[in-house]
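Tertiary structure, described
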Amino acid sequence: MIAGLAYVEIGIAVVVGLLAVVLGLVGRRPDDISIGATALVELALVVQIVVAIVAPLVGNAPTGDLVEFWIYLVTAALLPPVAVLWGLVDRGRWSTVVLGVASLAVAVMLWRMLQIWTVQQA
Amino acid sequence: MSALPTPPQAPQLSRRARGFGRVLIVLYGLLAIAATGRSVLQLATDFERAPLPYSLSALAAVVYIVATVALVIPRESWWRVAVITIGFELLFVLVVGTLTVVDPSLFPQKTVWSVYGMYYAFVPLVLPVVGLFWLRRTRPVPAAAAAASGD
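In what follows, the accompanying structure is described. (Residues numbered from 1 in each chain as written. Chains lettered and ligands numbered in written order. Predicted model: local features only at pLDDT ≥ 70, side-chain atom pairs only at ≥ 80, totals over all residues. Heavy atoms only, no water.)

1. Topic: the overall build of chain A
- Across its full length, chain A carries four helices and zero strands.
- In sequence order, the secondary structure elements of chain A are arranged as α-α-α-α.
- Compactness check: chain A gives a C-alpha radius of gyration of 15 Å against a globular reference of 14 Å for 122 residues, within 12% of the reference.
- Structurally, chain A occupies a C-alpha span of about 45 × 20 × 20 Å along its principal axes.
- Looking at chain A as a whole, 47% of its 122 residues qualify as buried.
- Expressed as a percentage of contacts within chain A between residues at least 6 apart in sequence, the contacts between residues at least 24 apart total 86%.
- Counting only carbon and sulfur atoms, one obtains 78% of the accessible surface of chain A, whose full area is about 5700 Å².
- With 5 positive and 7 negative side-chain charges, chain A shows a separation of 13 Å between the mean positions of the two kinds. (Helix = DSSP H or I, 4+ residues; strand = E, 2+ residues; numbered from the N terminus. Rg over C-alpha atoms; globule rule 2.2 N^0.38 Å. Buried < 20%, exposed > 50% of the residue type's maximum accessible area, 1.4 Å probe, protein only. Contact = heavy atoms within 4.5 Å. Areas by Shrake-Rupley, 256 points an atom, 1.4 Å probe, with all protein chains shown as cover. Lys, Arg positive; Asp, Glu negative; His and termini not counted. Charge placed at Lys NZ, Arg CZ, Asp CG, Glu CD.)

Dropping the structure here:
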């Protein structure tokens, strides 16, 4: 995991999360903005998956438990699609909040992944 | 909000699964995933090292899963299950939280409820309070009179 990239990803997830929560609370249904922003978070996670596969091969190995890391990463990558699916089926303002909650959860999980990779002792 | 028609065959959901309740279900679902993941990892790797906190993690996972299910299922009896599991969650986060502050050596390994859920941004402390308020608001109507003295 690359720390700088991880911080950017966490930043994206936090901003998108807060945006969607606010949009939902003011009564917006899931629309191109909230779903597009959530897709951006998913894109960041796909980038992270590629990085997590390549990094150990080029000498950037995790200090912590790689299994735990991947459980977090795979679960995180499932959250935005599930939230978007929810938003497409159930078109209410609260689904927009759900999109935001998913992105905020992704931010927390990315933070935890970074900890596992950089500071957790195996 | 009122301009758009509601879907023709809206699925039969409990009152507690509408509106804000959906966010609550998602939050409980996330905690269920988090607690289950942590618990499976702990039980599979080194249960002997800390049986008490690891058993608590497993218990937390079960509580969160049942609470999530109870929020979704529309049957009235499940409203009570939701109250019991979420009340249980509140009780445990307070008891375990206090114990971990008073005597940290009791719980050498973290649980979701350690230090009032500090490692989970205090979500385990705030969520049951919000959840119980929500359940009060969405109490099943026919049972209102009967349950008024019971909880």
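2. Observations regarding the side chain of S39 of chain B
- When you line up the elements, S39 of chain B lands in helix 1 (residues 20-46).
- The residues contacting S39 of chain B, other than those within four sequence positions of it, are S57, A58 and A61 of chain B.

3. Focus on the packing of helix 3 (residues 66-89) of chain A against helix 4 (residues 93-118) of chain A
- Where helix 3 of chain A contacts helix 4 of chain A, the axes come no closer than 9 Å and their chain directions differ by 170°. When the interaxial angle is binned, helix 3 of chain A and helix 4 of chain A end up roughly antiparallel. (Axes fitted to C-alpha atoms, helices over the stretch in contact; angles between N-to-C directions. Parallel < 35°, antiparallel > 145°, perpendicular 65-115°, else oblique.)

4. Re unusual backbone geometry
Residues and elements named next belong to chain B.
- The phi torsion at V115 lies on the positive side, around 50°, for a residue other than glycine.
- Position of V115 among the secondary structure elements: in the loop between helix 3 (76-102) and helix 4 (123-137).
- For Y116, which is not a glycine, the phi torsion comes out positive at approximately 55°.
- Its place among the elements puts Y116 in the loop between helix 3 and helix 4.

As far as function goes, none of this settles anything; it's purely spatial.
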